[in-house]
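Fold and contact review
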Amino acid sequence: MEKVILEQKDAVDWVFRGEGAANLVLAYSGSSPLFMGKVMRILKSPRNAKNGVKANGVLTTHERLLWRDNEESTASPNREIVQQLYVKHVMSPLLGQKHVDPGVRVLVTKEFLESVEKNVTCHRPAWRVDSSRVDTNCDSVLIISDHSVFPTGFLKGEPCITVEIKPKCGFLPMSRFIAEENAVKRTVTRFRMHQALKLRNQEVPEYSEYNPLDLFSGSRDRICKAIEALYATPQNNFRVFLNGSLVFGSLGRGTDSSTILVCEALENALKKVIQADNGLCTTSFIQLVAETVYTSGVLDQLLEVQKLDTCDIEGAIHAYYNVISEPCMVCRELSKDKLSHPYASLHSIPLDESLKIVKDYLIAATAKDCSLMISFRPTEDGDLLSGSSHCTVYLGSTNQVFEYKVDTVAIFVRLFLFIINAKILPLV
C-alpha cells in the first residue's frame, strides 16, 4: 500500500464494525481503491489510564528473551507493531499464510483518531464505552482485508454470506502436571467450565450446549451438532454477515440466545444466497457450514497449533518462573507432601527448555482464542469450478455449489501477564 496519512476529513469513511478487549474494528465505506474491501483495527486504551501513559508499552526484558528469534519484533518501539509482526512471523507460518493476513500499518493524525472516537461512540456497547476509548496517542493503525466479503465480490455486487466462529480449545489436556484437585480438566472442556462459571456469576442467562470437542471431532454429525448449538446460543462465539453487514449475532458482549425475531431476520437475509423453501434457509445454511468444516479440514491445523500446549498452565507457570529467574510462587504455596510432584523436575531443566514450554503455551493460547471466518458465494452455473482460486462445496439440500474461503482472525500475541492471569482463573 502506498504511503498515506489519514486525516480528520477521512474519519467519516470508517464505520463501526465491532470491537474486542484491545481494539476497535472499523469497515471502510468510502470510494478510495486503496481501502475498498478493507477494515481498520484501532488500539483502545483504558479510561482509567493516566493521561499520556500508554497501556501497551514495549516488551519486557524477559519477553524479548522469549522472542529473540525475531529481532524485528524485539526491537519494535511499541506493542502494536509487535502484535503485527507476531501475526506475520509466528502465527501465519503455523496456521497457513493463505488463511492469515498480518495487514499493513498506515499513519494517522491525532485529529483522525479523535473524530473516529466521536463517530463510533453511539454504536459501541455502553459497557465498552465506560471502560475504554480510542487511544489517540497512536500514530498508526492496522489495515487488513475485510474477511466478511470476497476480495472482488463487493465490486461486482455478488452476494456473500460469512460466518464467524470462535472454536475455542478443541482438546482435553492430559498433562501430568495437572493437580488431582483439578482433574476435572481432563474430562470437561475449559469452554464448558467457563459457561458454568458465567452462569453462576449471571454473566449469561443460559448455559450454551456448544462443545468444542464436537466441532473438532472430524465427525460430520458432531460438527453439525456443534454448529446448531452455536446458532441456538451464539453469545459472542457465532456471527453471520451478509455482504459485510452483520445480520446475526452481536457487536457487543454477544447474543445470549436466538429469539424468534432474530431467527426470522436471519432466515430472510439468507434468502438472498440460499435457494431453499421458506423456513428452511437457516437449516440449509447450518448444513453448509458444517459440510465445509467437515470436508475442508480447516480446523486440523488450528488444533495442531493448540496442542503445542503440552504442559497445561499448571506446568507452564513453573517454566515461567524459571525464565524470569524468580522463586516459584506456586511451589511456595504447595504443601510439603506435594513438593515431590513432577513440578519439582521443571525447576531443574535448562533455560532453553523453559523458554520453549512458555513460548509454546503462549502460541497455543493464541490459537485457542482466535476466530475463523468462512465466506460463501454461490457459483453462477452451479458447477464445481476447477479453475477457481477458491475451494468449492456442494449443498445437497438446495443443489447449489458455493465457493468458499477461510480466514483466521483475532490473532493476538499473548505476553507474560497472560500466564499469571490464566493461573489464577478459578475452576468450576
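Rules behind the numbers
Residues numbered from 1 in each chain as written. Predicted model: local features only at pLDDT ≥ 70, side-chain atom pairs only at ≥ 80, totals over all residues. Heavy atoms only, no water. Buried < 20%, exposed > 50% of the residue type's maximum accessible area, 1.4 Å probe, protein only. Helix = DSSP H or I, 4+ residues; strand = E, 2+ residues; numbered from the N terminus. Pairing = 2+ DSSP bridges. Axes fitted to C-alpha atoms, helices over the stretch in contact; angles between N-to-C directions. Parallel < 35°, antiparallel > 145°, perpendicular 65-115°, else oblique. Left-handed = near helix turned anticlockwise from the far one by under 90°. Contact = heavy atoms within 4.5 Å. Nonpolar A, V, L, I, M, F, W, Y, C, P; charged D, E, K, R; others polar. Salt bridge = Lys/Arg side-chain N within 4 Å of Asp/Glu carboxyl O. Expected span 1.5 Å × (residues − 1). Phe/Tyr/Trp six-rings, centres within 6.5 Å; stacked < 30°, edge-to-face > 60°. Lys NZ or Arg CZ within 6 Å of the ring centre and 35° of its normal.

So, the pairing of strand β8 (residues 161-165)
The element β8 is largely enclosed, with a buried count of 5 among its 5 residues. Where burial is concerned, the two faces of β8 agree: the one with Ile161, Val163 and Ile165 and the one with Thr162 and Glu164 are both buried. Two elements, β8 and strand β9 (residues 238-242), share 5 bridges in a ladder whose sense is antiparallel. The residue of β9 that forms the bridge with Ile165 is Phe238. By the bridge criterion, 5 bridges tie β8 to strand β11 (residues 371-378) in an arrangement that is antiparallel. Among the inter-strand pairings, Val163 is bridged to a residue of β11, identified as Ile374.

Some thoughts on the packing of helix α13 (residues 312-323) against helix α16 (residues 351-368)
As a packed pair, α13 and α16 sit with axes 8 Å apart at the nearest point and diverge in direction by 135°. Classified by the interaxial angle, the pair formed by α13 and α16 is oblique. In this structure, the crossing between α13 and α16 has a hand that is left-handed. Contact residues: Asp312, Ile313, Ala316, Ala319, Tyr320, Asn322 and Val323 in α13; Leu351, Ser354, Leu355, Ile357, Val358 and Tyr361 in α16. Of the residues assigned to the contact of α13 with α16, the class counts are 10 nonpolar, 2 polar and 1 charged.

Considerations on the sheet that holds β8
Strand order in this open sheet of 6 strands is β10-β9-β8-β11-β13-β12, and the pairing throughout is antiparallel. At either margin of the open sheet sits one strand with a lone partner, and together these are β10 (245-248) and β12 (391-395). The mean angle between the axes of side-by-side strands here comes to 35°, regardless of whether they run parallel or antiparallel. Along the sheet, helix α9 (residues 220-232) makes contact with β8, β9 and β10, crossing β9 at roughly 85°.

Considerations on the pattern of salt bridges
Where side chains of opposite charge bring their charged atoms close, a pairing between them can arise. The tally for this structure, following the rule as stated, stands at 20 salt bridges. The partner of Arg222 in a salt bridge is Asp214, with the nearest N and O atoms 2.8 Å apart. For Arg222, a relative accessible area of 36% translates into the label partly exposed. Because the salt bridges share partners, they merge into one network encompassing Glu19, Lys44 and Arg124.

A short note on the pairing of strand β13 (residues 400-409)
Taken across its 10 residues, β13 has 10 buried, putting it largely inside the fold. Pairing analysis gives 5 bridges linking β12 to β13, with the strands arranged antiparallel. Residue Val393 lies in a different strand from β13, and its bridge partner there is Phe402.

As for helix α11 (residues 281-296)
With 16 residues, α11 extends 22 Å between its outermost C-alpha atoms, agreeing within 8% with the 22 Å of an ideal straight helix rising 1.5 Å per residue. In the stretch just after α11, Gly297 is the one whose phi turns positive, near 65°.

Remarks on the packing of aromatic side chains
Under the defined criterion, the tally for this structure stands at 13 aromatic pairs. Arranged with centres 5.5 Å apart and planes meeting at 75°, the rings of Trp14 and Phe35 form a pair that is edge-to-face. With Trp14 in strand β2 (residues 14-19) and Phe35 in the loop between β3 (23-28) and β4 (38-46), this pair connects stretches of sequence that are 21 residues apart. Take Phe35: its relative accessible area is 5%, and that puts it in the buried class. Through pairs of rings, three or more aromatic residues link up here, namely Phe285, Phe376, Phe402 and Tyr404. The ring of Phe150 has Arg377 sitting right over it, with the charged end atom 4.1 Å from the ring centre. The ring of Phe150 has Lys405 lying over it, and the distance from NZ or CZ to the ring centre is 5.7 Å.

Let's talk about the side chain of Lys166
Mapped onto the elements of the fold, Lys166 is located in the loop between β8 and α7 (190-200). Dropping the residues within four chain positions of it, Lys166 is found in contact with Tyr210, Asn236, Asn237, Cys370 and Ser371.

Geometry only, nothing functional implied.
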